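# Structural description and commentary
What follows is the residue order along each chain.
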Amino acid sequence: MQIANFSNTSVSPDAVQFRTITREDRDRTSAPGLRAFREIADRFDLSEADRIAILGDPGRSTYHQWMKKAREQQPLTLPLDTLLRVSAVFGIYKSLAVLFEDENQALIWLRGSHQGTLFTGASPLAYMLDGGHDGLMTVRRYLDAWRSGAMGLGAQEGSFEAVIESD
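Heads up: these notes are all about the structure in this document. On a predicted model such as this, the values are computed, not experimentally measured, just so you know.

A few words on the packing of helix α4 (residues 80-99) against helix α7 (residues 132-148). Remark: α4 packs on α7, axes separated minimally by 9 Å, with the N-to-C direction vectors making an angle of 30°. The angle between α4 and α7 places the two elements in the roughly parallel class. Classified by chirality, the crossing of α7 by α4 is left-handed.

What follows deals with the packing of aromatic side chains. Summed over the entire model, instances satisfying the criterion amount to eight aromatic pairs. With a centroid separation of 5.8 Å and 45° between ring planes, the pair formed by W109 and W146 is classed as tilted. Of this pair, W109 sits in helix α5 (residues 103-111) while W146 sits in helix α7; the two residues are 37 residues apart in sequence, bridging distant segments of the chain. Taken as a pair, W109 and W146 share a single burial class, namely buried. Judged by centre distance (5.1 Å) and plane angle (75°), the rings of F119 and Y142 are edge-to-face. Within this pair, whereas F119 is found in the loop between α5 and α6 (124-130), its partner Y142 is found in helix α7, the two being separated by 23 residues in sequence. When its relative accessible area of 35% is taken as the criterion, Y142 is described as partly exposed. Pairwise contacts between aromatic rings join F100, W109, F119, Y127, Y142 and W146 into one cluster.

Now for the side chain of S95. Counting through the fold element by element, S95 comes out in helix α4. Relative accessible area serves as the criterion here: at 0%, S95 is assigned to the buried category. Those residues in contact with S95, other than ones at most four positions away along the chain, are L143, D144 and R147.

Evaluated as defined, the whole model comprises ten salt bridges. Of the charged contacts in the structure, one is a salt bridge between R28 and D25, with a shortest N-O distance of 3.1 Å. Residue R28 and its partner D25 are both found in helix α1 (residues 23-43); the two are separated by three residues, about one turn of the helix. Taking relative accessible area as the criterion, R28 reaches 54% and is therefore assigned exposed. Judged by its relative accessible area of 7%, D25 falls in the buried class. For E39, the salt bridge identified is with R38, shortest N-O distance 3.7 Å. According to the relative accessible area criterion, E39 is partly exposed, its value standing at 42%. Looking at R38, the relative accessible area reads 22%, which means it is partly exposed. A network of salt bridges, in which partner residues are shared, links R19, D25 and R28.

Our focus in this paragraph is the packing of α1 against α4. The interhelical angle for the contact between α1 and α4, taken along N-to-C directions, is 45°, at an axis separation of 10 Å. It follows from the interaxial angle that α1 and α4 lie oblique. The handedness of the crossing between α1 and α4 comes out as left-handed. Residues R26, T29, S30, G33, A36, F37, I40 and R43 of α1 form the contact with α4, whose own contacting residues are L80, L83, V86, V89, F90 and Y93. Grouping the constituent residues of the contact of α1 with α4 by class yields nine nonpolar, three polar and two charged.

The subject of this paragraph is the environment of F44. Position of F44 among the secondary structure elements: in the loop between α1 and α2 (48-54). Residues F44 and Y93 lie 49 residues apart in sequence; the distance between their C-alpha atoms is 9.1 Å.

The rules we used
Residues numbered from 1 in each chain as written. Predicted model: local features only at pLDDT ≥ 70, side-chain atom pairs only at ≥ 80, totals over all residues. Heavy atoms only, no water. Axes fitted to C-alpha atoms, helices over the stretch in contact; angles between N-to-C directions. Helix = DSSP H or I, 4+ residues; strand = E, 2+ residues; numbered from the N terminus. Parallel < 35°, antiparallel > 145°, perpendicular 65-115°, else oblique. Left-handed = near helix turned anticlockwise from the far one by under 90°. Phe/Tyr/Trp six-rings, centres within 6.5 Å; stacked < 30°, edge-to-face > 60°. Buried < 20%, exposed > 50% of the residue type's maximum accessible area, 1.4 Å probe, protein only. Contact = heavy atoms within 4.5 Å. Salt bridge = Lys/Arg side-chain N within 4 Å of Asp/Glu carboxyl O. Nonpolar A, V, L, I, M, F, W, Y, C, P; charged D, E, K, R; others polar.

Listed below in structure tokens is the structure:
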């Protein structure tokens, strides 16, 4: 996997340089990322099983070793897949914070069933837990699109109804 180096925000897309994510990158970001993940998981009131599922189903003992190392600020290098999952959770959390003024409303949305084509009666959280990495990224993309005002393919102009108190 590669990441882009943006030395200047006014750089043209042709000038963007990509580099491979190194072990040093993972070393540097793993413990802080896992600590932030724990805080978000606490806010989402996720069970231990849910946390393990979101992180890609590491063994329970592995999960506890990771959390202990992160908490004690010991050296930790998570697998790239796990870091990408943590990043997806960060994006979901950010979008929920932007879309919902009240964190409780965000949690209601996250845990509530939805009848849209994507969720078909399931909650976004269930989609995240059951869908693996793809489920996490799909919920993240859904929220990013909602945040940007995108309606999705086939939605008629003016068909959007804002979320209101009674929802």
